[in-house]
Number of protein chains: 2
Amino acid sequence: MTVPLYQAKAEFFRTLGHPVRIQVLELLQNGPLPVRDLLAEIDIEASSLSQQLAVLRKAGIVTATRESGSVVYALSAPDVAGLLASARWILTEVLAGQGELLAELRAEAGRESDAPARRGPQVRQELGAL
Amino acid sequence: MTVPLYQAKAEFFRTLGHPVRIQVLELLQNGPLPVRDLLAEIDIEASSLSQQLAVLRKAGIVTATRESGSVVYALSAPDVAGLLASARWILTEVLAGQGELLAELRAEAGRESDAPARRGPQVRQELGAL
DNA sequence: TTACGAGTTGAAGAACTCTGCAATTTGCTA
DNA sequence: TAGCAAATTGCAGAGTTCTTCAACTCGTAA
């Protein structure tokens, strides 16, 4: 391995390691949204949201396009949904027996199985197993 | 959502956000290993490795058991492999066109497809797609 | 052109994380 | 029991990341 690849991976995960950034990604799973809508959903100051959006943008995980008076964000890799599902799945295992968040995770996964599925195939599998 | 679930997720990703921790998880994908072996593979001081192992332990991602004079670590959720594969997949998309790490990512995924597969089903799918 | 709304950027301070060293614990083996 | 090797823990300093506030840019509409 000539370039430290695990470093790129670590950076990528660190990029996801913030509550606001997670919320943004989850909201964008259902399609592109203008900043205004994100702001309405995420209880946070506009400038803070902008900071976090900048982090996601610099990492190349989301893209921003200006559209008549507002900026619209979208996932640049649609499989982020798969990653979040994987994470949910692992959290379920890791927390199994720890109670707490487990019920919520299950509820969330269930809600998604009902939702119209426009996602990668591996995600369906993971959710199915849940 | 009564407990901030996105916060649990963010913490989980933050836990993965360190090169040494990623290396540990990748090494453990092939089965449990004693600290000694991890230390031999990962160029780092013993105490630093211990610190990072403690982080993974506290997050419940790995487990440690003492076995005749050494401590053996194992993944507590075997699907961590799936998560890392998901991450690789996304990195591939995100970096597509940025060159750089892309060739390495592909090489790594290829190596794994050849390897004996004792992993969750979703992982095989993801690697297949790569 | 001016003013406005929508987002972004910059900077300072607080809060966290990382590293490496020294000290400590634990269980084996003599 | 004494000594050793294997890991872990505590701690201080260096480095990052977060938050908040104020200043700024950009496009649109008057």
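Nothing here was measured: the structure is a model prediction, and the numbers come from that model.

### Digging into the protein's contact with DNA strand D
Alright, step 1. Around DNA strand D there are 23 residues in total, and Ser47(A), Ser48(A), Gln51(A), Ser50(B) and Tyr73(B) lie nearest to it.
Alright, step 2. Among all atoms of DNA strand D positioned within 4 Å of the protein, those belonging to sugar or phosphate total 63%.
Alright, step 3. With respect to DNA strand D, the side chain of His18(A) contributes an N or O atom lying 3.2 Å from a phosphate oxygen.
Alright, step 4. Ser47(A) places a side-chain nitrogen or oxygen 3.0 Å from a base nitrogen of DNA strand D.
Alright, step 5. Mapped onto the surface near DNA strand D, the elements with two or more residues apiece are helix 4 (46-58) of chain A together with helix 3 (35-41), helix 4 (46-58) and strand 3 (70-75) of chain B.
Alright, step 6. Take the surface near DNA strand D: its biggest share by element is 6 residues, from helix 4 of chain B.
Alright, step 7. Tallied by class, the residues present in the surface near DNA strand D amount to 5 nonpolar, 12 polar and 6 charged.

### Describing helix 2 (residues 19-28) of chain B
Alright, step 1. Burial runs high along helix 2 of chain B: 9 of the 10 residues are buried.
Alright, step 2. Along helix 2 of chain B, the residues classified as buried are Pro19(B), Val20(B), Arg21(B), Ile22(B), Gln23(B), Val24(B), Leu25(B), Glu26(B) and Leu28(B).

### Remarks on the pairing of strand 3 (residues 70-75) of chain A
Residue and element names in this part refer to chain A.
Alright, step 1. For strand 3, the tally of buried residues reaches 5 of 6 residues, placing the bulk of the element in the interior.
Alright, step 2. Note that strand 1 (residues 33-34) and strand 3 share 2 bridges and pair antiparallel. Across the sheet, the residue bridging to Pro 34 is Val 72, located in strand 3.
Alright, step 3. Looking at chain direction, strand 2 (residues 62-67) and strand 3 are connected through 6 bridges and run antiparallel. For Thr 65, the partnering residue across the bridge sits in strand 3 and is Val 72.
Alright, step 4. Counting the residues between successive antiparallel strands, the hairpin from strand 2 to strand 3 contains 2 residues, one of them, Ser 68, with a positive phi of roughly 35 degrees.

### As for the nonpolar core
Alright, step 1. The biggest cluster of nonpolar side chains holds 53 residues, and the ones touching the most others in it are Phe12(A), Phe13(A), Val24(A), Leu25(A), Phe12(B), Phe13(B) and Leu25(B).
Alright, step 2. In contact with Phe13(B), not counting residues within four places along its chain, are Phe13(A), Leu16(A), Gly17(A), Ile22(A), Leu83(A), Leu84(A) and Ala87(A).

### Quick word on the protein's contact with DNA strand C
Alright, step 1. Not every one of the 22 residues close to DNA strand C is listed here, only the nearest: Ser50(A), Tyr73(A), Glu45(B), Ser47(B) and Gln51(B).
Alright, step 2. Counting only atoms of DNA strand C within 4 Å of the protein, the fraction found in sugar and phosphate groups is 66%.
Alright, step 3. Glu45(B) is positioned such that a nitrogen or oxygen atom in its side chain is 2.7 Å from a phosphate oxygen of DNA strand C.
Alright, step 4. Counting only elements with at least two residues in the surface near DNA strand C, the list comes to helix 3 (35-41), helix 4 and strand 3 of chain A together with helix 4 of chain B.
Alright, step 5. A per-element tally of the surface near DNA strand C places helix 4 of chain A first, with 5 residues.

The rules behind each value
Residues numbered from 1 in each chain as written. Chains lettered and ligands numbered in written order. Predicted model: local features only at pLDDT ≥ 70, side-chain atom pairs only at ≥ 80, totals over all residues. Heavy atoms only, no water. Near = heavy atom within 4 Å. Polar contact = N/O pair within 3.5 Å; in protein donor to acceptor, adjacent residues only side chain to side chain. Helix = DSSP H or I, 4+ residues; strand = E, 2+ residues; numbered from the N terminus. Nonpolar A, V, L, I, M, F, W, Y, C, P; charged D, E, K, R; others polar. Buried < 20%, exposed > 50% of the residue type's maximum accessible area, 1.4 Å probe, protein only. Pairing = 2+ DSSP bridges. Core = buried A, V, L, I, M, F, W, Y, C linked by side-chain atoms within 4.5 Å. Contact = heavy atoms within 4.5 Å.

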